[in-house]
Amino acid sequence: NCAPGPQKLLIIALRTEICIVYLDSLDYTHRSLPLKDVRYSIAVDYDPNDGFVYWTDDETKSIRRAKLDGSQQENVIYDDITHPDGLA
């Protein structure tokens, strides 16, 4: 069976944007994910089963998530977080 599209990816938190690099493409250019209101992203992780990227935002003191196409963006945790600087 052939997978539809790239399978190896690298997701990078760059403060005000989250970028993706497809490692099994011909070039390694990165592109920004179409996310809204990313203020100070610190940590990032990806759930390949559900297709969500998760990130922490140190300015809004929250953990957020969205699909790679920017849809279904939402806060996961936004109360009682002092320094959301790690995620696993």
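Located above this text is the structure these notes cover.
Here we summarise the structure given alongside this text. (Residues numbered from 1 in each chain as written. Predicted model: local features only at pLDDT ≥ 70, side-chain atom pairs only at ≥ 80, totals over all residues. Heavy atoms only, no water.)

## Topic: the overall build of the protein
Part 1 of the argument: Of regular secondary structure, the protein possesses zero helices and seven strands.
Part 2 of the argument: For 88 residues, the compact-globule formula gives about 12 Å, and the C-alpha radius of gyration of the protein, at 13 Å, lands near that figure.
Part 3 of the argument: Residue burial in the protein is summarised as follows: out of 88 residues, 30% are buried.
Part 4 of the argument: Taking the intrachain contacts of the protein between residues at least 6 apart in sequence as the baseline, contacts between residues at least 24 apart amount to 29%. (Helix = DSSP H or I, 4+ residues; strand = E, 2+ residues; numbered from the N terminus. Rg over C-alpha atoms; globule rule 2.2 N^0.38 Å. Buried < 20%, exposed > 50% of the residue type's maximum accessible area, 1.4 Å probe, protein only. Contact = heavy atoms within 4.5 Å.)

## A look at the sheet that holds strand S7 (residues 74–77)
Part 1 of the argument: Reading across from one edge, S4-S5-S6-S7 is the order of the four strands in this open sheet, with antiparallel pairing throughout. A strand with exactly one partner marks an edge of an open sheet, and here the two such strands are strand S4 (41–47) and S7. Adjacent strand axes in the sheet meet at a mean angle of 30 degrees, parallel and antiparallel pairs treated alike.
Part 2 of the argument: Bridge analysis of S4 against strand S5 (residues 52–57) gives five bridges, and the strand direction is antiparallel. (Pairing = 2+ DSSP bridges. Axes fitted to C-alpha atoms, helices over the stretch in contact; angles between N-to-C directions.)

## A word on the pattern of salt bridges
Part 1 of the argument: The full count for this structure, using the stated rule, is three salt bridges.
Part 2 of the argument: A salt bridge links Arg 39 to Asp 37; its shortest N-O distance comes to 3.0 Å.
Part 3 of the argument: Residue classification places Asp 37 among the partly exposed residues on the basis of a relative accessible area of 43%.
Part 4 of the argument: Arg 65 serves as the salt-bridge partner of Glu 74, at 2.7 Å between the closest nitrogen and oxygen.
Part 5 of the argument: For Glu 74, a relative accessible area of 34% corresponds to the partly exposed category. (Salt bridge = Lys/Arg side-chain N within 4 Å of Asp/Glu carboxyl O.)

## What about the pairing of strand S1 (residues 9–13)?
Part 1 of the argument: In terms of strand pairing, S1 meets strand S2 (residues 18–22) through five bridges, oriented antiparallel. Each residue of the ladder has a partner; that of Leu 9, found in S2, is Tyr 22.

## Things to note about the sheet that holds S2
Part 1 of the argument: Spatial ordering of the open sheet is given by S1-S2-S3, a layout of three strands whose pairing is antiparallel. The open sheet is flanked by S1 and strand S3 (30–32), the only strands paired with a single partner. Neighbour to neighbour, the strand axes of the sheet diverge by 25 degrees on average, direction disregarded.
Part 2 of the argument: Bridge count for S2 against S3 is three bridges, and the pairing is antiparallel.

The values are spatial; any link to function lies outside them.
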